[in-house]
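If you want the building blocks of each chain, they are given just below.
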Amino acid sequence: MIDRWSHRLVRIVLAVATAGIVLGGCNPMNATPISEINASPANFDSKEVVLHGVVKAPTRLPLLNLKSYVLKDDSGEIDILTESDLPKVDEKISVRVKVANIAIINGEPLGTTVTEIARH
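Just so it is clear, the model here is predicted, and its values are computed rather than measured. (Residues numbered from 1 in each chain as written. Predicted model: local features only at pLDDT ≥ 70, side-chain atom pairs only at ≥ 80, totals over all residues. Heavy atoms only, no water.)

### So, the pattern of salt bridges
- Across all of its chains, the model carries three salt bridges by this definition.
- As a salt-bridge pair, Arg96 and Glu48 come within 3.1 Å of each other at their nearest N and O atoms. Of this pair, Arg96 sits in strand β4 (residues 92–105) while Glu48 is found in strand β1 (residues 47–61), placing the two residues 48 residues apart along the sequence.
- Judged by relative accessible area, which is 30%, Arg96 ranks as partly exposed.
- One salt bridge in this structure joins Asp90 and Lys56, with 2.5 Å as the shortest N-O distance. Remark: Lys56 occurs in strand β1 and Asp90 occurs in the loop between β3 (76–82) and β4; sequence separation between them is 34 residues. (Salt bridge = Lys/Arg side-chain N within 4 Å of Asp/Glu carboxyl O. Helix = DSSP H or I, 4+ residues; strand = E, 2+ residues; numbered from the N terminus. Buried < 20%, exposed > 50% of the residue type's maximum accessible area, 1.4 Å probe, protein only.)

Right under this line is the structure:
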């Protein structure tokens, strides 16, 4: 009987811990300032980061199946590509993104893109 309760308690603790890790990953307090990415996109190449800010300028180009929006925080703004529905203008969001560059030549990035992975 104690063994069954022990297993149940362990599962509950693991579920709560996992939820905390997943939800904590998009906490605005853990967000990377947008200015850091804009200043040194090569340092973020192939990395995932969390951004937090206010949505501006959602754009949809149906012929190219392309959607993007501008995310603005206190340090700057950045264009984010998405496959999801576009967020609303002036909506405050946290978003996990992947930063990628087409190439880095002599330390200079070329063709930086920021693609949404998850929105919270």
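### Overview of the confidence of the model for the protein
- For the protein, the mean per-residue pLDDT works out to 83, and 77% of the residues sit at or above 70.
- The spread of mean pLDDT over the elements of the protein runs between helix α1 (residues 2–24), the lowest at 43, and β3, the highest at 97.
- For residues 5–25, every residue scores under 50 in pLDDT, and the model assigns this stretch three contacts once sequence neighbours within four places are set aside. (pLDDT = per-residue confidence, 0-100. Contact = heavy atoms within 4.5 Å.)

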